[in-house]
Amino acid sequence: MRRYKPRGVITKTLYDRRWFLFGWLLGFAFLSWFVGVFYSTFGSSDVINQQFQTLPPALKSIAGLSGDFNTVPGYFGSQIFGKTMPMVAAVLGIMLGLAIATEEEEGTLQTLLAAPISRTKVYLSKWFAFVAIFALLMVGLCAGLGISLWQQNLSLDILRVLEATANVWLIMVFFLSLTYAVGAALGKRSTAIAVSSILAVSGYFLNAMAAGVEALKPYDKLSVYYYYGSENVLVKGLNYTNFGILAGVSLVLLIIGGVIFARRNIAAA
C-alpha cells in the first residue's frame, strides 16, 4: 500500500500530530464528561453548596466555586470552563508553541528552511495548523459535555456553551502565540517554557487571590485569566471586549515573533 505523503507545511504538521490530536480529543471528551457527571452528586446538593460558600473568596476562586455553584450553568461554568480548562489550555498552548524552537534545537528546522519556501510561510503555516488542532479539540470538549448533560437529563443554552468553548479555544491560542513567538524569536525552548509558564501560573494565582484580597484587585487586569473569565460565560454570556483584547494581544505576539524570526540568523545544524 502506498504511504500517504502530505504536501505543504500545514498538512504535514497536522499529519505529524494526528495521534496527538486523537489522544487529546478523547481526553477532552472524557474530562468534560467526567467533571460534568458529578453535578448530580455535588452541584445539585444544597448542603454541599452551603458548606462551599463558607470558604474565603480567594479559596473559592482557586477551587472554581462560583456563587451559583448549585445551578446547572453555575456548576458547569465554574468546574469545567472556570477551573479545569484554563490550566489545561495553558499546558497545551505551551506544548505546541515550542514547535519552532524545538525543531531549531534538533536541527530539523534548518532542513525545512533550505527548501524553496519563505520563513514567514513556514512560521504562519505551523501556527495555523496548531490553531486548527485546538478547534478540533473543542469538538471533543462539547461532545463530553453533551453526553454528561444527556445522562443527567440536564440542559444548557447552546449559544453560551459555544461562547464558553470559543473562550477556551482563544486562551489556548494566546499561550500558543506567546510560546511560539518567544521560541521563534530567540530559538530557545527553555526560555519559551519559562516565560509562558511564569505568566500562566502567576496569572492564575493573581486572578484567584484578587477575588478575596482587596489590595490585589487593581492588579487583576495584569492576569491573562482576567480577560478569560469563562466561569461566568454560561451564566452572563461572553464578554466580547475582553475576548477582543485577548485575540488582539495574541495577534500582536504572533506578528512580533514572525518579524524577528524572518530576520534573525539561524545557525546550521
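Residues numbered from 1 in each chain as written. Predicted model: local features only at pLDDT ≥ 70, side-chain atom pairs only at ≥ 80, totals over all residues. Heavy atoms only, no water.

### Some words on a nonpolar patch on the surface
- Residues Ile 10, Leu 14, Leu 124 and Phe 128 make up a contiguous nonpolar surface patch of about 300 Å² in total accessible area.
- Put simply, the parts of the chain that give the nonpolar patch at least two residues each are α1 (9-16) and α8 (119-151).
- Relative to the helices and strands, Leu 124 resides in helix α8. (Patch = residues over 30% accessible without salt bridge, like charges linked within 9 Å, V, L, I, M, F, W, Y side chains within 5 Å. Areas by Shrake-Rupley, 256 points an atom, 1.4 Å probe, with all protein chains shown as cover. Salt bridge = Lys/Arg side-chain N within 4 Å of Asp/Glu carboxyl O. Helix = DSSP H or I, 4+ residues; strand = E, 2+ residues; numbered from the N terminus.)

### Points about the packing of aromatic side chains
- For the structure shown, the criterion picks out 19 aromatic pairs.
- Measuring from centroid to centroid gives 5.8 Å for Phe 30 and Trp 33, while their planes differ by 45°, and the two rings are tilted. In this pair, Phe 30 and Trp 33 are both assigned in helix α2 (residues 18-36), three residues apart and thus about one turn of the helix distant.
- We classify Phe 30 as partly exposed; its relative accessible area is 48%. (Phe/Tyr/Trp six-rings, centres within 6.5 Å; stacked < 30°, edge-to-face > 60°. Buried < 20%, exposed > 50% of the residue type's maximum accessible area, 1.4 Å probe, protein only.)

### Quick word on the packing of α2 against α8
- Relative orientation of the contacting elements α2 and α8 amounts to 30°, with a least axis distance of 7 Å. Between α2 and α8, the interaxial angle falls into the category roughly parallel. For the crossing formed where α2 meets α8, the hand is right-handed. Of α8, the residues touching α2 (which contributes Phe 20, Leu 21, Trp 24, Leu 25, Phe 28, Ala 29, Ser 32, Trp 33 and Gly 36) are Ile 133, Leu 136, Leu 137, Met 138, Gly 140, Leu 141, Gly 144, Leu 145, Ile 147, Ser 148 and Gln 151. (Axes fitted to C-alpha atoms, helices over the stretch in contact; angles between N-to-C directions. Parallel < 35°, antiparallel > 145°, perpendicular 65-115°, else oblique. Left-handed = near helix turned anticlockwise from the far one by under 90°. Contact = heavy atoms within 4.5 Å.)

### Quick word on helix α10 (residues 189-209)
- Under the 1.5 Å per step criterion, the end-to-end length of α10 is 30 Å for 21 residues, consistent within 8% with the ideal 30 Å.
- Buried residues of α10: Ala 192, Ser 196, Ala 200, Gly 203, Tyr 204, Asn 207 and Ala 208, and no others. Summarising the axial view, the buried residues of α10 lie within an arc of 125°, below the 170-degree limit, and thus occupy one face. In α10, the exposed positions angled more than 90 degrees off the buried face are occupied by Ser 190 and Ile 198. (Expected span 1.5 Å × (residues − 1). Arc of directions from axis to C-beta.)

### Topic: unusual backbone geometry
- Unlike most non-glycine residues, Asn 153 shows phi in positive territory, near 55°.
- With respect to the helices and strands, the residue Asn 153 is situated in the loop between α8 and α9 (158-186).

### Focus on the environment of Ser 32
- By secondary structure assignment, the location of Ser 32 is in helix α2.
- Sequence separation between Ser 32 and Gln 79 is 47 residues, and the spatial gap between their C-alpha atoms is 9.2 Å.
- Excluding its chain neighbours within four sequence positions, the residues that come into contact with Ser 32 are Ile 80, Gly 140, Leu 141, Gly 144, Leu 145 and Ser 148.
- Separated by 3.0 Å, the side chain of Ser 32 and the backbone oxygen of Phe 28 make a polar contact. (Polar contact = N/O pair within 3.5 Å; in protein donor to acceptor, adjacent residues only side chain to side chain.)

### Let's talk about the packing of α2 against helix α5 (residues 72-97)
- Running from amino to carboxyl end, α2 crosses α5 at an angle of 160°, the nearest separation of the two axes being 10 Å. Of the possible angle classes, the one that applies to α2 and α5 is roughly antiparallel. Both α2 and α5 take part in a crossing whose hand is right-handed. For the pair formed by α2 and α5, the contact residues are Phe 20, Trp 24, Phe 28, Leu 31, Ser 32, Val 35 and Gly 36 on the first element and Tyr 75, Phe 76, Gln 79, Ile 80, Thr 84, Met 85, Val 88, Leu 92, Met 95 and Leu 96 on the second.
- Broken down by class, the residue content of the contact of α2 with α5 amounts to 13 nonpolar, four polar and no charged. (Nonpolar A, V, L, I, M, F, W, Y, C, P; charged D, E, K, R; others polar.)

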